[in-house]
Amino acid sequence: MTRNALTRDEVLDAAAALVRQHGPVALTMRKLAAELGTAVTSIYWHVGNRESLLDALVARTVEEMGAIRAVGRTPEARIVSVARKLRRELRERPHLIAMVHERGLTERMFLPAQQALVHEVHAAGLRGARAAEAMRAVQFQVVGFVLVERNRERSPVQSPGESELWDTVTAEHDPALARALARPADPEKLFAASVRALVSALLRA
């Protein structure tokens, strides 16, 4: 591939893929050039030095996070849809999100999702402090849930594990509860249930 055949977007796509897989430390101009099958000088020609490349990736991440849109027939369903999309975006690009945070752009990155949530809580009839509380509660739920998920995924193997700890006695003589807690948690199902319950309560308040 020659420099003329390569585009800036292709360079950023490849760089983002490397960061997603291995973190920013693994992103070197030499490795990026090898991934693209081009010369290092071609990379510099398209994106500048490594710091400029990282800045471009951060700007692109902020822009992509702004593409979250609500779907659904009711304000509650639309708020839940924004929460689910926000969680997915945060989970799919943890290293890039960390880079955004390190550059002090986290609040700017979250603004479009916050605005989408505000629009929907307004549609549900909330205004002022109640609307702010509802928007922030949903955002905190999403971010907190993602942090717990990542912590569980990176934690060492637990011994004893949940399946060994829960029995009829520890579950207060509720065998069905013991069986349910002995099974691994389903993050998708748990997130959907928790955010729906939260949004329903906020809109009823």
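Residue numbers run consecutively from 1 along every chain, following the written order of its sequence. Owing to the predicted nature of the model, reporting of local features is limited to residues with pLDDT of at least 70; listing and counting of side-chain atom pairs is limited to 80 or more, with chain, interface and lining totals taken over all residues. Heavy atoms throughout the structure, all of them, feed into the side-chain values; hydrogens and water do not.

### Comments concerning the packing of helix α8 (residues 128–154) against helix α11 (residues 187–204)
- To obtain each axis, a line is fitted to C-alpha atoms, and for helices this fit is confined to the stretch in contact; angles are then taken between N-to-C directions over 0 to 180 degrees. By the criteria applied, helices consist of DSSP H or I runs no shorter than four residues and strands consist of E runs no shorter than two, each listed in order from the N terminus. Axis separation between α8 and α11 bottoms out at 10 Å; the angle between their running directions is 165 degrees. Considering their axes alone, α8 and α11 lie roughly antiparallel with respect to each other. Where α8 crosses over α11, the handedness of that crossing is right-handed. Between α8, through Arg130, Ala134, Ala137, Val138, Gln141, Val142, Phe145 and Glu149, and α11, the contact on the second element is made entirely by Pro187, Leu190, Phe191, Ser194, Val195, Leu198, Val199 and Leu202.
- Broken down by class, the residue content of the contact of α8 with α11 amounts to 12 nonpolar, two polar and two charged. Angular relationships are summarised with four words: roughly parallel below 35 degrees, roughly antiparallel beyond 145, roughly perpendicular across 65 to 115, and oblique for the angles in between. Working rule for handedness: look at the near helix, and if it is turned counterclockwise from the far one by less than a right angle, call the crossing left-handed; if clockwise, right-handed. Residue contacts are defined here by distance: any two heavy atoms, one from each residue, within 4.5 Å place the two residues in contact. Residues are grouped as follows: Ala, Val, Leu, Ile, Met, Phe, Trp, Tyr, Cys and Pro are nonpolar; Asp, Glu, Lys and Arg are charged; all remaining types, including Gly, are polar.

### Comments concerning unusual backbone geometry
- Cis rather than trans, the peptide bond between serine 159 and proline 160 has omega equal to 5 degrees.
- Examined against the element boundaries, proline 160 turns out to sit in the loop between α8 and α9 (162–165).
- Even without being a glycine, glutamate 172 presents a positive backbone phi close to 55 degrees.
- By the secondary structure assignment, glutamate 172 is in the loop between α9 and α10 (175–182).
- Judged by its relative accessible area of 70%, glutamate 172 falls in the exposed class. Relative accessible area decides the class of each residue, using a 1.4 Å probe on protein chains only: under 20% of the type maximum gives buried, over 50% gives exposed, and in between gives partly exposed.

### Concerning the environment of alanine 83
- Looking at where alanine 83 falls in the secondary structure, it is placed in helix α5 (residues 75–92).
- In the structure, alanine 83 is positioned 108 residues away from phenylalanine 191 in sequence and 9.4 Å away in space, judged by C-alpha atoms.
- Excluding anything up to four places from it in sequence, alanine 83 contacts Val138, Val142, Phe191 and Val195.

### A word on the packing of helix α1 (residues 8–22) against helix α6 (residues 94–102)
- The contact between α1 and α6 brings their axes to 7 Å, and the two run at 100 degrees. It follows that α1 is roughly perpendicular to α6 by the angle criterion. Taken together, the residues of α6 that come into contact with α1 (itself represented by Ala16, Val19, Arg20 and His22) are His95, Leu96 and Met99.
- Within the contact of α1 with α6, the residues separate by chemical class into four nonpolar, two polar and one charged.

### Topic: the side chain of glutamate 149
- Among the secondary structure elements, glutamate 149 is positioned in helix α8.
- Polar contact is the term for a pair of N or O atoms within 3.5 Å; when the atoms are in protein, one must be able to donate a hydrogen and the other to accept it, and sequence-neighboring residues count only if both atoms are side-chain atoms. Side chain to side chain, glutamate 149 and arginine 87 meet in a polar contact 2.8 Å long.
- If we ignore the near neighbours within four places in the chain, the residues touching glutamate 149 are Arg87, Arg91 and Pro187.

### Focus: α8
- In a regular helix each residue adds 1.5 Å, so 27 residues correspond to 39 Å; α8 covers 39 Å between its end C-alpha atoms and thus fits that length.
- Residues Ala131, Ala134, Met135, Val138, Gln139, Val142, Phe145, Val146 and Glu149 constitute the buried set of α8.
- Turning to α8, the residues buried within the fold contact α5, α7 (106–123) and α11. Working rule for helices: expected span equals 1.5 Å times residues minus one.

### A word on the pattern of salt bridges
- We define a salt bridge as a side-chain nitrogen of Lys or Arg found within 4 Å of a carboxyl oxygen belonging to Asp or Glu. Taken as a whole and assessed by the stated rule, the structure comprises 11 salt bridges.
- Taking the shortest distance from any N to any O, the salt bridge between glutamate 64 and arginine 93 comes out at 2.6 Å. With glutamate 64 in helix α4 (residues 50–65) and arginine 93 in the loop between α5 and α6, the pair connects residues that are 29 residues apart, well separated along the chain.
- Residue class for glutamate 64 comes out partly exposed when judged on its relative accessible area of 32%.
- Judged by its relative accessible area of 5%, arginine 93 is buried.
- Ionic pairing is found between glutamate 149 and arginine 87, a salt bridge with its closest N-O pair at 2.8 Å. Placement of glutamate 149 in helix α8 and of arginine 87 in helix α5 is noted, with a sequence separation of 62 residues between them. The two residues glutamate 149 and arginine 87 agree in class, both being buried.
- A single salt-bridge network, built from bridges that share partners, covers Arg87, Arg91, Glu149, Glu153 and Glu188.

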